[in-house]
Amino acid sequence: MRLAISIGHEASVTYETLGGEVKVLEFERYFKIKKFSNLFKPLSIDSLSPHILSEEESKRSLTEDFGGSEEFYNNSKELLKLFPDKDLYTDIVVSCCLDNSIFERVSNDLSKIFKNAKFTSINHRLSHAWSVFGGIPEKEAISIILDGSGNGCFTVIKHCCNSDTILDNSDFNFGLFYEYTARKILKDFNANCEGPEGVFMGLASYGTICPNLKERLVKLFTDSKLRSIQKLEILDEIYLEVTGGLTFSDASEKNILVNPKAIPLKKFARTFQASWVESVLTVIKCFSDKNTPACLSGGCFLNCELNREIIKGNYFKKVYFSPVPSDCGQSLGGFLYQNKKNINTPYLGFNVFDWSTPHSMYEGVTRKELNLDELANFLEMGLIVAVIRGNSEIGPRALGNRSILASPLKQNMKRKLNTRVKHRQWFRPYGAIIQREFLQEYFDLDLDLPYMNILAYNKTNLFPEIRHIDNSTRVQTIDKDNDFLYKLLDKFKDITGHPILINTSLNIRGKPIINWSVDAFEMLRKKEIDVLVLEDYVYSI
């Protein structure tokens, strides 16, 4: 049996079970710590590693290093129970961008757990490439990798004749520029705890593009003679010139919309976003080939405006994305490289981790069998519905199995979601799910959108709760293969005339997507949600 582990940023493990099922465990979901990045201390519980000398010391180390709790420590001890057949794993791939000495130490530590395994390593960017290429039907393609941060080189790999050849590995560090600018402009915004890039994307649409500034930035970002550190220095100078060195210190609606001091910041943000997208496209066009499909991976491809422009540009025979473009897909890429299996579903995660754990979560809660007519009525009434069904989707975007659903027709639903459950900035938009065959009726695209990673523009003014200031919406299309969501949208259409719902991830600000039922019931008790769908039952208070 085979297994692949990503040990760094957004650590995860992908493996096959005795029954041949492929599973992906994102450690942030298990430990409830977003972007969880230290695999070893949890795995080394119970003297599995010489670095942990006693239970008392390991408990103290775990809780102090992660700001954890008794719950975190107990979860750490339970983790290895997810691998009851660990002695059967004979081939393990470690995905990392670390040097050989660290890989050797990692392999030595892991060999105490997986005692019969042979360990090999895989390059960070090759893992990214195979996280997409390993799930497509074509035998030949090119992969374009753009990390969201880190050293973030622009890498192009050609997959042909069962080999992987690097065509380009340039210092176009687009991810670094984006993260650096987002952190700079949002420095006093309390956005860094949740990833400033997503906050920045939502904010940028409130500004206007300055053509002269855009020209300067595109020229800077695409200059192949300058190193990344030199570009950052020049970017700092331009930022100071345009904004006077100001940052967004107040997230209020009044400040961003009315305060004249916010105008140059909004102008810089919007122009930066447009310049950044054009710069990435400029480099991608160099590898345009309408006879070859392209696989896109790396954190930069979470940028929905960029993804839209790549699709609209028609640069390749076909463009493939992944539900896990960031480092959370590293172990999946390593596994697919090792196994050469075509896996193209995002629902590779786990059912709830505490499914069989006895606790008092049902006390004071009403339970009914799932009835889609009743559930659609709840949504039409304006109730907030949380959904936990089947295996969780992998990656940063909820795709219906760990989602919060709501009606896009109810006035102030966005504000309601922000106030009661998501607790995030007022200007950040919400995504939507829609039956695939109705997409073109409401939006300006006509293609499958399974991962909610591409912007579409609204054709109507019917849904202000999902329509961003620039008229865009992140959309996920649902077909009949997703029986629960498709039929629920059918029922909602019967009531309202529209097969579309708000879809956002089942989590609260700064926390990963929930995969513990006890946390979902806690949200229900706190009235952050009105209804909880847990498999085939509906819970309410």
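Quick caveat: nothing in here was measured; it's all calculated off a predicted structure.

What counts and how
- Residues numbered from 1 in each chain as written.
- Predicted model: local features only at pLDDT ≥ 70, side-chain atom pairs only at ≥ 80, totals over all residues.
- Heavy atoms only, no water.
- Phe/Tyr/Trp six-rings, centres within 6.5 Å; stacked < 30°, edge-to-face > 60°.
- Helix = DSSP H or I, 4+ residues; strand = E, 2+ residues; numbered from the N terminus.
- Buried < 20%, exposed > 50% of the residue type's maximum accessible area, 1.4 Å probe, protein only.
- Lys NZ or Arg CZ within 6 Å of the ring centre and 35° of its normal.
- Contact = heavy atoms within 4.5 Å.
- Pairing = 2+ DSSP bridges.
- Axes fitted to C-alpha atoms, helices over the stretch in contact; angles between N-to-C directions.
- Parallel < 35°, antiparallel > 145°, perpendicular 65-115°, else oblique.
- Core = buried A, V, L, I, M, F, W, Y, C linked by side-chain atoms within 4.5 Å.
- Salt bridge = Lys/Arg side-chain N within 4 Å of Asp/Glu carboxyl O.

Caption draft 1: Molecular detail of the packing of aromatic side chains. On inspection of all chains with the given rule, the structure shows 28 aromatic pairs. The interplanar angle of 40° and the centroid separation of 6.4 Å between the aromatic rings of Y15 and F350 together place this pair among those described as tilted. Here Y15 is found in strand β2 (residues 12–16), whereas its partner F350 is found in the loop between α14 (330–339) and β11 (366–369), with 335 residues between them in sequence. A ring pair is formed by F154 and F287, whose centres lie 6.0 Å apart and whose planes are at 35°; its orientation type is tilted. One end of the pair, F154, is in strand β7 (residues 154–160); the other, F287, is in the loop between α12 (262–284) and β9 (294–297), and 133 residues separate them in sequence. Taking the relative accessible area as the measure of exposure, F154 reaches 0% and is therefore buried. Members of the aromatic cluster, each reached through a chain of ring pairs, are Y15, F27, Y30, F31, F36, Y89, F114, F350, F353 and W516. We note K23 situated over the ring of F350; from NZ or CZ to the ring centre the distance is 4.9 Å.

Caption draft 2: Region of the structure containing helix α8 (residues 196–204). Residues P196, V199, F200, G202, L203 and A204 constitute the buried set of α8. Where α8 is buried, its residues contact α7 (174–185), α11 (253–258) and α12.

Caption draft 3: Representation of the sheet that holds strand β5 (residues 118–122) in the model. With respect to topology, five strands assemble into an open sheet ordered β3-β2-β1-β4-β5, the strand pairing being mixed. Two strands close off the open sheet at either side, each with one partner strand: β3 (22–26) and β5. In this sheet, neighbouring strand axes are inclined to one another by 15° on average, regardless of whether the strands run parallel or antiparallel. Examined bridge by bridge, strand β1 (residues 2–6) and β2 share four bridges and lie antiparallel to one another.

Caption draft 4: Highlighting the packing of α8 against α12. Where α8 meets α12, the closest approach of the two axes is 9 Å, and the angle between their N-to-C directions is 105°. Classed by the angle they form, the pair α8 and α12 counts as roughly perpendicular. Residues F200, M201 and A204 of α8 form the contact with α12, whose own contacting residues are K266, A269, R270, F272 and Q273.

Caption draft 5: Structural context of the nonpolar core. Ranked by internal contacts, the top residues of the largest apolar core, which has 110 residues, are F154, F174, F272 and L532. Filtering out sequence-adjacent residues up to four positions away, F154 remains in contact with I144, I145, L146, D168, N169, S170, F172, F174, V283, I284 and F287.

Caption draft 6: The arrangement of the pattern of salt bridges in detail. Here the structure, examined in full by the defined rule, presents 21 salt bridges. A salt bridge links R308 to D444, with the nearest nitrogen and oxygen atoms 2.6 Å apart. Of this pair, R308 sits in helix α13 (residues 304–313) while D444 sits in the loop between α17 (439–442) and β15 (455–457); the two residues are 136 residues apart in sequence, bridging distant segments of the chain. Ionic pairing is found between R389 and D536, a salt bridge with its closest N-O pair at 3.0 Å.

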